[in-house]
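Structural overview for review
If you want the building blocks of each chain, they are given just below.
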Amino acid sequence: MDPRAAAVAAPVDQNMVSSAIYRDGHRVDSPPTLAETYQRLREQPGVMAWIGLYRPAPVQLLAIAEEFGLHELAVEDAIVAHQRPKLERYGDTLFVVLRAARYLDDVEEVDFSELHVFVGPNFVITVRHGEAPDLAAVRHRLEGDPDLLRRGPEAVLYAILDSVVDGYAPVVAGLQHDIDEIETEVFRGDPRVTRRIYELSREVIEFQRAARPLLTILNGLAAGFDKYGTDEELRRYLGDVADHATTAAERVDVFRQTLADILTLNATLVSQAQNEEIKHLTEASYAQNEEIKKISAWAAILFAPTLIGTIYGMNFEYMPELRWRVGYPFALALMAAVCVSLYLVFKRRGWL
């Protein structure tokens, strides 16, 4: 794609959130357009520009890239988004990708956002693809601390990193609360807890992918302190950010292992509950079978005299025993003998 042709296709200021010019730690101008920002940088040596963009159109980034000489690979990453957190250096320009996170209390979920930062000798360009972090608050904080802001673009990068890492603390607290709730639900036997464990595990993995690479970014910055002459105060500030990022990453690692243990425990409890249920069903089935055997035994016992009485009640003219004097006692005795015999047989087999 030809950047110049694309730049003509649409206005380049449509997604600009803010643009400010700083000198010696103080804001000296707030150009309403990118063109005026470029002009101020050219006309006023020793100043720094901070341009904030929110989900910019490709044409807008291409125009900015042409003005500041940004590397095409970094610009492509910023346009496409969905990048992993990383730190890359193209000449005298740093390109940093960060994954910010915030905890949404109302739905108990973690919302992730992507932030791209271009840091040059006299400019900082931030490209947000989500709601976090609150760069307006970062800008306000820096403008309230001129001693820090006068240290240049690296001070802005530090403040952004610090804001992203500070934003992890509420997320860690929220995830800890969710895990505590899940532990209670597991022992309570809530049938929906398995799905919640799975969903929370996905959030923790996503959070781990955001927090863990941040340590590599900070280590990369630290590795270049001497080579690029980073201010001593900024080194201490970035070291503090690294400590906080390490704590967050370690907590996330613990969360992931805890959820894996909870999932295993939940599977064990579910298996035990199923075994108990099967045991109860087996016992009920056994008791039912015993009752059926008793009913069947008595039915067989009662069937014998019924059969005998039915045969002798057929009243055929030439049936034997019909005119037999002892026929009636014999029939009763036969019925009793058959019933007693069947009773003894069923009793011996434990059916009665």
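Residues numbered from 1 in each chain as written. Predicted model: local features only at pLDDT ≥ 70, side-chain atom pairs only at ≥ 80, totals over all residues. Heavy atoms only, no water.

**Structural notes on the overall build of the protein**
Applied cut-off: Helix and strand assignments follow DSSP, with helices taken as H or I runs no shorter than four residues and strands as E runs no shorter than two, numbered in order from the N terminus. Atoms counted for the radius of gyration: C-alpha only. Globule rule: 2.2 Å times residue count to the power 0.38. Each residue is assigned to one of three classes by its accessible area relative to the maximum for its type, calculated with a 1.4 Å probe on protein chains only: buried under 20%, partly exposed between the two thresholds, exposed over 50%. Working definition of accessibility: Shrake-Rupley area with a 1.4 Å probe, residue cover restricted to the visible protein chains. The charge count treats Lys and Arg as positive and Asp and Glu as negative. His and the chain ends do not count. Taken as the charge centre is NZ of Lys, CZ of Arg, CG of Asp or CD of Glu, depending on the residue.
Assigned secondary structure in the protein consists of 11 helices and 7 strands. Expected size for 352 residues packed as a compact globule is a radius of gyration near 20 Å; at 41 Å, the protein overshoots this value by more than 25%. If you line up the protein on its principal axes, its C-alpha atoms span 140 × 45 × 30 Å. In the protein, which comprises 352 residues, the share counted as buried stands at 41%. Put simply, the protein shows about 19600 Å² of open surface, and 55% of that area lies on carbon and sulfur atoms. If you average the places of the 36 positive and of the 52 negative side-chain charges in the protein, the two averages end up 9 Å apart.

**Details of the nonpolar core**
Inclusion rule: Here, nonpolar core refers to any group of buried Ala, Val, Leu, Ile, Met, Phe, Trp, Tyr and Cys residues whose side-chain atoms link them within 4.5 Å. Residues are treated as being in contact if the distance between any of their heavy atoms lies within 4.5 Å.
Counting 62 residues, the largest nonpolar core has Leu 98, Ile 160, Leu 161, Tyr 168, Phe 207, Leu 214 and Leu 218 as its most contacted members. The leading source of residues in this core is helix H7 (residues 153–188), at 16 residues. Every residue in contact with Leu 218, bar those within four places of it in the chain, is listed here: Leu 161, Leu 238, Val 241, Ala 242 and Ala 245. Among the nonpolar cores identified, the runner-up in size contains 23 residues, and Ile 51, Leu 62, Val 97 and Phe 123 belong to it.

**Examining the packing of H7 against helix H8 (residues 193–223)**
Test applied: Lines fitted to C-alpha atoms define the axes, with helix axes restricted to the stretch in contact, and inter-axis angles between N-to-C directions lie between 0 and 180 degrees. Here the word oblique covers every angle except those under 35 degrees (roughly parallel), over 145 (roughly antiparallel) and from 65 to 115 (roughly perpendicular). By the definition used in this description, the sense in which the near helix is turned from the far one sets the handedness, with an anticlockwise turn below a right angle giving left-handed and a clockwise turn giving right-handed. Ten residue types, Ala, Val, Leu, Ile, Met, Phe, Trp, Tyr, Cys and Pro, are classed as nonpolar, four, Asp, Glu, Lys and Arg, as charged, and the remainder, Gly among them, as polar.
For the pair H7 and H8, interaxial distance at closest approach is 11 Å and the crossing angle is 155°. As the angle between them shows, H7 and H8 are arranged roughly antiparallel. When the axes of H7 and H8 are compared, the crossing they make is left-handed. Here the residues of the contact of H7 with H8 sort into 20 nonpolar, no polar and 5 charged.

**Things to note about the environment of Ala 210**
You can see Ala 210 is positioned in helix H8. Leaving out residues up to four positions away in the same chain, Ala 210 has contacts with Pro 85, Arg 99 and Tyr 168.

**Digging into the packing of helix H5 (residues 135–143) against H7**
In the contact formed by H5 and H7, the axes pass within 10 Å of each other and the chain directions differ by 130°. One finds that H5 runs oblique with respect to H7. Of the two possible hands of crossing, H5 and H7 adopt the one that is right-handed. Of the residues in H7, those touching H5 at Leu 135, Val 138, Arg 141 and Leu 142 are Ala 155, Val 156, Tyr 158, Ala 159, Ile 160, Asp 162 and Ser 163. Counted by class, the contact of H5 with H7 contains 8 nonpolar, 1 polar and 2 charged residues.

**Topic: the environment of Val 254**
Within the secondary structure layout, Val 254 lies in helix H10 (residues 232–312). Looking at Val 254, the relative accessible area reads 48%, which means it is partly exposed. Distance in space between the C-alpha atoms of Val 254 and Glu 183 is 15 Å, their sequence separation being 71 residues.

**Regarding the pattern of salt bridges**
Here is the rule we go by: Any Lys or Arg side-chain nitrogen located within 4 Å of an Asp or Glu carboxyl oxygen qualifies as a salt bridge.
One pass over the structure, following the stated rule, counts 21 salt bridges. Asp 111 is the partner of Arg 102 in a salt bridge, and the nearest nitrogen-oxygen pair spans 3.0 Å. Take Arg 102: its relative accessible area is 33%, and that puts it in the partly exposed class. Judged by relative accessible area, which is 23%, Asp 111 ranks as partly exposed. Ionic pairing is found between Arg 209 and Glu 206, a salt bridge with its closest N-O pair at 4.0 Å. On the criterion of helical spacing, the pair formed by Arg 209 and Glu 206 is a turn pair, its members being 3 residues apart in helix H8. Overall, Arg 209 belongs to the exposed group, its relative accessible area being 54%. One network of salt bridges, in which partners are shared, links Glu 108, Asp 178, Glu 181, Glu 185 and Arg 196.

**Side note on the packing of aromatic side chains**
Going by this rule: Between rings of Phe, Tyr and Trp, where Trp is taken as its six-membered ring, a pair exists when centres lie within 6.5 Å; planes separated by under 30 degrees are stacked, by over 60 edge-to-face, and by other angles tilted. By definition, being over a ring means that NZ of Lys or CZ of Arg is both within 6 Å of the ring centre and within 35 degrees of the ring normal.
For the coordinates displayed, the defined rule picks out 6 aromatic pairs. Here the aromatic rings of Tyr 168 and Phe 207 are separated by 5.1 Å at their centres, their planes lie at 80°, and the arrangement is edge-to-face. Of this pair, Tyr 168 sits in helix H7 while Phe 207 sits in helix H8, and the two are 39 residues apart along the sequence. Grouping residues by exposure puts Tyr 168 and Phe 207 together as buried. Put simply, the rings of Tyr 38, Phe 68 and Phe 123 pair up and form one aromatic cluster. A cation over an aromatic ring shows up here: Arg 139 above the ring of Trp 50, its NZ or CZ 4.1 Å from the ring centre.

**Topic: unusual backbone geometry**
With glycine set apart, most residues show a phi of negative sign, and most peptide bonds adopt trans. Each neighbour pair has its own omega, and for Ala 132 with Pro 133 the value is -5°, a cis peptide bond. Among the structural elements, Pro 133 can be located in the loop between strand E7 (123–128) and H5. Here Asp 24, not a glycine, exhibits a phi torsion of approximately 55°, which is positive. Mapped onto the secondary structure, Asp 24 falls in the loop between strand E1 (16–23) and strand E2 (26–29). A relative accessible area of 49% means that Asp 24 is categorised as partly exposed. One non-glycine residue, Glu 108, lies in positive phi territory at about 50°. By the element assignment, Glu 108 lies in the loop between strand E5 (93–104) and strand E6 (109–119). Of the residues examined, Glu 108 reaches a relative accessible area of 30% and is grouped as partly exposed.

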